[in-house]
Amino acid sequence: MPSVGSGERRTRLTGVLAVAAALAVSVLGLAGLTLAVVVVQTLDPDGGLPLTASARVAGQLWLLGQGAELQLSSGPLRLAPLAVTAGIAWGISRAAGSVAALRRSRTAGGAAVVLAVVVAVHVALTAGLALVVDAPGASVALPRAVLGAGVVALVAGGLGVLRDSGLGAELVDRFPGPGRVVLRAVAAGTLALAACCTAVVAVALVHDVAGLGRVITGLGGAGAGAAGQVGLSLLLLPNAVAAVMGLAAGPGFLVGAGTFVSTSGVTLGSVPALPLLAALPDTQAVPLLAFLSQALPAVAGLVTGAVVGRRLGDDDGGTVIAALWGVVAGLGVGVCAGLWVLVAGGRLGDAALAEVGAPALATGLAIAAQAALAAAVAAAVSRWRSRG
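All of these numbers come straight from a predicted model, not from anything done at the bench.

This part is about the overall build of the protein chain. Counting secondary structure elements, the protein chain contains 14 helices and eight strands. When its C-alpha atoms are laid out on the principal axes, the protein chain stretches across 65 × 60 × 30 Å. In the protein chain, which comprises 388 residues, the share counted as buried stands at 46%. The contacts in the protein chain between residues at least 6 apart in sequence include a share of 74% that link residues at least 24 apart. A total accessible area of about 18300 Å² is found for the protein chain, and carbon and sulfur atoms account for 71% of it. Of the side chains in the protein chain, 21 bear a positive and 15 a negative charge, and the two mean positions are spaced by 12 Å.

Right, here's the structure in full:
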């Protein structure tokens, strides 16, 4: 009996810590977003938004970051600022993982308790926030907000618990072959692809720095308007990276019904006055940078294959086996890129911006094919050199 009571107390304390950790993520995250909005509003010479309105804007950004939809007078707004999404996911992952590590939840049951509590608390807080920020001019679709929060919390919290409890390493070791090597290679290739796509966005902005300056100086609200739009551009930078992935893969990307960019052609229409969109081409001609970006999936594959070839153990086979694992890792890069593109797309109303982003399936398949081929070659060469 004492052991049973001790087990119950341990489970109860674990639950309390998980509740506190999940609550801290939402409170600190919303406080940070609210502070950022308030700081921007202080630049408005007319006084800007009051504190309650700034807090509502921050809450709406928090919900959008988790896949929520706002019903505006112009139509549905459904575009997740992925920088906010990444921040929320990181916080939940660290919170759940820290509780699992602190309570030494080494069993599947203990890890499940931590994850279940974190997900439940986060979803409940998100539902409450959706009800609070709901307004006649910007109503929140509650079912989608709750579902999105649940998915983000489940994925991020699950990864955190698996990582910090040690269960993830045990799970990977159960798979046949060098599971850890393949996962590291997929992560390295995906990050390399994202870094290269970010560089493409930066080069495009620098190439049209004059247009970027006109967009920023032409915004209303004095410094508040410029700072707000620049801040929004930073929050949407991962979305722009996903669009470049679509361009590099071949299918291209849309910025509404009138703007389409790919290596097969460019169609330009009216777009919002957002500094980030100054990276779009100025003419109907396909820019040289778009053609150069076609090499990025292969570059990601080369990085992936190099990691596979160098990290394989002495008993993991020769060059042929390395090439096969390189193909697997390259396909993983394509899957990750496709998922990135999927969550990065959305819509901005029912009019000209009803569709924004790149086609996820076509982009993922194209990147998977190119990265797998390059990874196979790189893995074989790297393995041959390491064993030579």
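So that's the structure; there's more coming.
Counting 41 residues, the largest nonpolar core has Leu 193, Cys 197, Met 245, Phe 253 and Ile 367 as the members making the most contacts within it. Looking at this core, the elements with two or more residues in it are helix H7 (179–207), helix H10 (237–249), strand S4 (253–255), helix H12 (296–311), helix H13 (319–344) and helix H14 (360–387). Among the elements that take part in this core, H10 stands out by supplying nine residues, more than any other. Each of domain 1 (8–174) and domain 2 (179–386) gives at least three residues to this core.

What follows is about the sheet that holds strand S1 (residues 70–72). Taken in spatial order, the four strands make up an open sheet running S3-S1-S2-S7, and their pairing is antiparallel. Since the sheet does not close on itself, it has two edges, and those belong to strand S3 (138–140) and strand S7 (347–348), each with one partner. Of the strand pairs in this sheet, strand S2 (residues 75–78) and S7 are connected by two bridges, and their pairing is antiparallel. Bridge pairing links Arg 78 to Arg 347 in S7.

This next bit is on the domain arrangement of the protein chain. Many structure descriptions define interface size as the accessible area lost when the parts assemble. On domain assignment, one finds that the protein chain holds domain 1 (8–174) and domain 2 (179–386). The distance between the C-alpha centroids of domain 1 and domain 2 comes to 26 Å. Contact with domain 1, which involves 19 residues of that partner, is made by 23 residues of domain 2. Both faces combined, the contact of domain 1 with domain 2 buries some 1700 Å², and carbon together with sulfur accounts for 70% of it. Applying the counting criterion to the domain 1 and domain 2 interface returns zero salt bridges.

To continue, consider the sheet that holds strand S6 (residues 265–267). Strand order in the open sheet formed by four strands is S6-S5-S4-S8, with antiparallel pairing between adjacent strands. Edge positions in the sheet fall to S6 and strand S8 (356–357), since each of these pairs with one other strand and no more. Sheet topology places strand S5 (residues 260–262) next to S6; three bridges connect them, and they run antiparallel. If you follow Phe 260 over to S6, its bridge partner there is Thr 267.

Structurally, the position occupied by Gln 66 is in the loop between helix H2 (51–64) and S1. A polar contact is formed between the side chain of Gln 66 and the side chain of His 122, at a distance of 2.5 Å. Ignoring any residue separated from it by four or fewer positions in sequence, one finds Gln 66 in contact with Ile 88, His 122, Thr 126, Gly 148, Ala 149 and Val 152.

Right, let's get into the pattern of salt bridges. Proximity of charged atoms lets side chains of opposite charge pair with each other. Counted under the stated rule, the structure contains two salt bridges. Residue Arg 78 pairs with Glu 69 through a salt bridge whose shortest N-O separation is 2.5 Å. In this structure, Arg 163 and Asp 164 form a salt bridge, with 3.1 Å as the shortest nitrogen-oxygen distance. Judged by relative accessible area, which is 43%, Arg 163 ranks as partly exposed. The exposure class assigned to Asp 164 is partly exposed, which follows from its relative accessible area of 21%.

Put simply, helix H4 (residues 108–133) and helix H5 (residues 142–165) touch, their axes get as near as 9 Å, and they point 150 degrees apart. As the angle between them shows, H4 and H5 are arranged roughly antiparallel. Handedness of the crossing formed by H4 with H5: right-handed. Touching Ala 111, Val 114, Leu 115, Val 119, His 122, Val 123, Thr 126, Ala 127, Ala 130 and Leu 131 of H4 are Leu 142, Ala 145, Val 146, Ala 149, Gly 150, Ala 153, Leu 154, Gly 157, Gly 158 and Val 161, all from H5. Taken together, the residues that form the contact of H4 with H5 break down as 15 nonpolar, five polar and no charged.

This part is about the pairing of S2. Bridge count for S1 against S2 is three bridges, and the pairing is antiparallel. Bridged to Leu 70 within S2 is Leu 77. The turn linking S1 back onto S2 is made up of two residues.

Let us now look at the side chain of Ser 54. By the secondary structure assignment, Ser 54 is in helix H2. Other than its neighbours up to four places away in sequence, Ser 54 contacts Val 37, Val 38, Gln 41 and Leu 49.

What follows is about the environment of Phe 175. Among the structural elements, Phe 175 can be located in the loop between helix H6 (167–174) and H7. On the basis of relative accessible area, Phe 175 is assigned to the exposed category, the value being 52%. Sequence spacing of Phe 175 and Leu 302 is 127 residues, and the spatial spacing of their C-alpha atoms is 24 Å.

Cut-offs used in this document
Residues numbered from 1 in each chain as written. Predicted model: local features only at pLDDT ≥ 70, side-chain atom pairs only at ≥ 80, totals over all residues. Heavy atoms only, no water. Helix = DSSP H or I, 4+ residues; strand = E, 2+ residues; numbered from the N terminus. Buried < 20%, exposed > 50% of the residue type's maximum accessible area, 1.4 Å probe, protein only. Contact = heavy atoms within 4.5 Å. Areas by Shrake-Rupley, 256 points an atom, 1.4 Å probe, with all protein chains shown as cover. Lys, Arg positive; Asp, Glu negative; His and termini not counted. Charge placed at Lys NZ, Arg CZ, Asp CG, Glu CD. Core = buried A, V, L, I, M, F, W, Y, C linked by side-chain atoms within 4.5 Å. Domains from an automatic or database assignment. Pairing = 2+ DSSP bridges. Buried area = accessible area lost by both parts, 1.4 Å probe. Salt bridge = Lys/Arg side-chain N within 4 Å of Asp/Glu carboxyl O. Polar contact = N/O pair within 3.5 Å; in protein donor to acceptor, adjacent residues only side chain to side chain. Axes fitted to C-alpha atoms, helices over the stretch in contact; angles between N-to-C directions. Parallel < 35°, antiparallel > 145°, perpendicular 65-115°, else oblique. Left-handed = near helix turned anticlockwise from the far one by under 90°. Nonpolar A, V, L, I, M, F, W, Y, C, P; charged D, E, K, R; others polar.

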